[in-house]
Amino acid sequence: MGNGRGQAAPETAFDLWLQRGLHQMFDDVMREPIPEELLRLIEQDRSQG
Amino acid sequence: MSQTIETQATVRPSHSMADFHKLLVTTLPRLRVQALALTRNRADADDLVQAAVTSALAAKDSFAPGTNFGAWMFRILRNRFISDVRRKRETTDIDDVPSSAFARPGAQEDSLVMRELRGHLSRLPAEQRTALVMVTVQGMSYEEVAAAMDCAVGTAKCRVFRARQTLQRWLTGEERGVEAPKVAASSRKSASSPRARRRHTAESEAGMGHATPV
């Protein structure tokens, strides 16, 4: 199910295919800029604190 | 294609409260992926992250510096998600999987097999789906997943295994050649029909709430 370091490495051809498919689905979200509104919310709290 | 995306928040350095806001910003990309894994919908994911950030800022004094910030944030996110699911169940039929599940706004049409993957992924129980994304997309170890999901390492492994197993069966009709008797039995029961699978998913999502909402 994984290697000795607790990493959950894919084991089968299906796992590798699944990994590629999931990256295709989620990588864009990971890379896109954080919405300004969210950053403003955090900055506002930081300056108040 | 990239294999593993890791942020600074994946590692757990000791830090002071002065780093809180910096850590929060650093964690956001990862949190947005986790929110999408939970909600299956971009708009809901954005709302969920915003709500979780608001809760985290309000509760920042309860964060213990030097502990796992990513796990702390995910627990807040998950608790908000559970609260939202419960509230929505009172007014809407969450038994239905949205046809736009995991769709990317403005993106080119997926291949047929990707559309199938999106559909099947959205029908997995939320905790299996999220554990799978944490491991497969974010490169988290089972120990990190267990810390974030507040469960045993064995449970985290089991969730990922079940997710892979179920997706493989739905997509290829093949069973995995790895022994997991309890897993196979419960999955077969829950996957008796598409309707039953959707019901199981909704129940699982609502049943996630052993933690107190923040």
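Model, not experiment: these values are computed from the prediction.

J.: Any details on the nonpolar core? Residues and values, ideally.
T.: In this structure, B:Ala52, B:Met73, B:Leu77, B:Ala131 and B:Val145 are the most contacted members of the largest nonpolar core, which totals 53 residues. Going through the elements one at a time, α1 (13–31) of chain A together with α1 (20–39), α2 (42–58), α3 (69–91), α4 (112–123), α5 (126–136), α6 (142–149) and α7 (153–172) of chain B are the ones with two or more residues in this core. It is α1(B) that provides the largest number of residues to this core, a total of ten residues. When near neighbours in sequence (up to four residues on either side) are disregarded, B:Ala131 contacts B:Val145, B:Met149, B:Ala156, B:Arg159, B:Val160 and B:Ala163.

J.: Could you give an account of the UniProt feature "domain: Anti-sigma factor NepR" (unreviewed entry) in chain A, with specific residues and numbers?
T.: Here the UniProt-annotated "domain: Anti-sigma factor NepR" (unreviewed entry) positions come out as residues 20–44 of chain A. In residues 20–44 of chain A, the share of helix is 84% and the share of strand is 0%. The end C-alpha atoms are 38 Å apart.

J.: Outline the confidence of the model for chain B, supporting the account with residue identities and numerical values.
T.: Residues and elements named next belong to chain B. Averaged over every residue, the pLDDT of chain B is 77; the share at 70 or more is 65%. The element-level mean pLDDT for chain B is lowest in helix α8 (residues 181–190), coming to 39, with α5 highest at 97. Counting interchain partners and residues more than four positions distant, the pLDDT-below-50 stretch residues 1–14 has 25 contacts. A low-confidence stretch, residues 180–214 stays under pLDDT 50, and its non-local contacts, those more than four residues away or across chains, total 52 contacts. In the model output, the complex is listed with pTM 0.75 alongside ipTM 0.83.

Procedures and definitions
Residues numbered from 1 in each chain as written. Chains lettered and ligands numbered in written order. Predicted model: local features only at pLDDT ≥ 70, side-chain atom pairs only at ≥ 80, totals over all residues. Core = buried A, V, L, I, M, F, W, Y, C linked by C-beta atoms within 7 Å. Buried ≥ 20, exposed ≤ 12 C-beta atoms within 10 Å, placed from the backbone. Helix = DSSP H or I, 4+ residues; strand = E, 2+ residues; numbered from the N terminus. Contact = placed C-beta atoms within 7 Å. UniProt positions renumbered as here; feature names shortened; annotations may be inferred. pLDDT = per-residue confidence, 0-100.

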